[in-house]
Amino acid sequence: MLIQGNLAGSLLFMKKIKSPWYGVTWIVIWTAALVWFLTSGMFDFKESVGLTVVWLVLVGITVYLLVQNLRLRAATSRPSGPVSPAKPSLNAPCPCGSGKKYKRCCGAERGRDE
């Protein structure tokens, strides 16, 4: 019970790293480990296939998360379209800088046009 509580507490305060280079770094580490294991001769053919499958799963999940992160960044950094300025209320100062109320200045001109 105590271990689970400590684990939950430590996971709560872990910093989430959002850099795409973090995922790329792990792919390089896993690839280097796979190459070392396969060239060491410690494993037979079936174990080598198992290691390769585990490596493919790890790399696949990491690439998927990288793509999702990049898509999310691209979607949030894109402007949503032309932003039209909000029409001021009639009693607000006119945005043209005349010092008059909007309804007596530019708002009156707009009312006549419509």
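So, a few notes on the structure that sits alongside this text. Please read these numbers as outputs of a predicted model, since none were measured by experiment.

The secondary structure content of the protein amounts to four helices and zero strands. Element order for the protein, N to C, with α for helix and β for strand: α-α-α-α. For the protein, buried positions account for 11% of its 114 residues. Sequence separation of 24 or more characterises 34% of the internal contacts of the protein that already satisfy a separation of 6 or more. On the protein, roughly 9800 Å² of surface is accessible, and the fraction owed to carbon and sulfur atoms is 67%.

The next thing to look at is helix α3 (residues 45–77). Helix length check: α3, at 33 residues, gives a terminal C-alpha distance of 48 Å against a target of 48 Å (1.5 Å per residue), a fit within 8%. Turning to α3, the residues buried within the fold contact α2 (20–40).

This part is about a nonpolar patch on the surface. Together, Phe 45, Val 49, Val 53, Val 57, Ile 61, Tyr 64 and Leu 65 give the surface a local cluster of nonpolar side chains, amounting to about 710 Å² of exposed area. Note that Ile 61 resides in helix α3.

Bringing the packing of aromatic side chains into the picture now. For any two aromatic rings, the description comes down to two numbers: the centre-to-centre distance and the angle of the planes. The full count for this structure, using the stated rule, is four aromatic pairs. Summarising the aromatic geometry, the rings of Tyr 22 and Trp 26 are spaced 6.5 Å apart at their centres and angled 80° between planes, so their arrangement reads as edge-to-face. Of this pair, Tyr 22 and Trp 26 both sit in helix α2, separated by four residues, roughly a single helical turn. Classification of Tyr 22 by relative accessible area gives partly exposed; the value is 41%. Looking at Trp 26, the relative accessible area reads 34%, which means it is partly exposed. Cluster of aromatic residues (ring-pair linked, three or more members): Tyr 22, Trp 26 and Trp 30.

Reading the values: the criteria
- Residues numbered from 1 in each chain as written.
- Predicted model: local features only at pLDDT ≥ 70, side-chain atom pairs only at ≥ 80, totals over all residues.
- Heavy atoms only, no water.
- Helix = DSSP H or I, 4+ residues; strand = E, 2+ residues; numbered from the N terminus.
- Buried < 20%, exposed > 50% of the residue type's maximum accessible area, 1.4 Å probe, protein only.
- Contact = heavy atoms within 4.5 Å.
- Areas by Shrake-Rupley, 256 points an atom, 1.4 Å probe, with all protein chains shown as cover.
- Expected span 1.5 Å × (residues − 1).
- Patch = residues over 30% accessible without salt bridge, like charges linked within 9 Å, V, L, I, M, F, W, Y side chains within 5 Å.
- Salt bridge = Lys/Arg side-chain N within 4 Å of Asp/Glu carboxyl O.
- Phe/Tyr/Trp six-rings, centres within 6.5 Å; stacked < 30°, edge-to-face > 60°.

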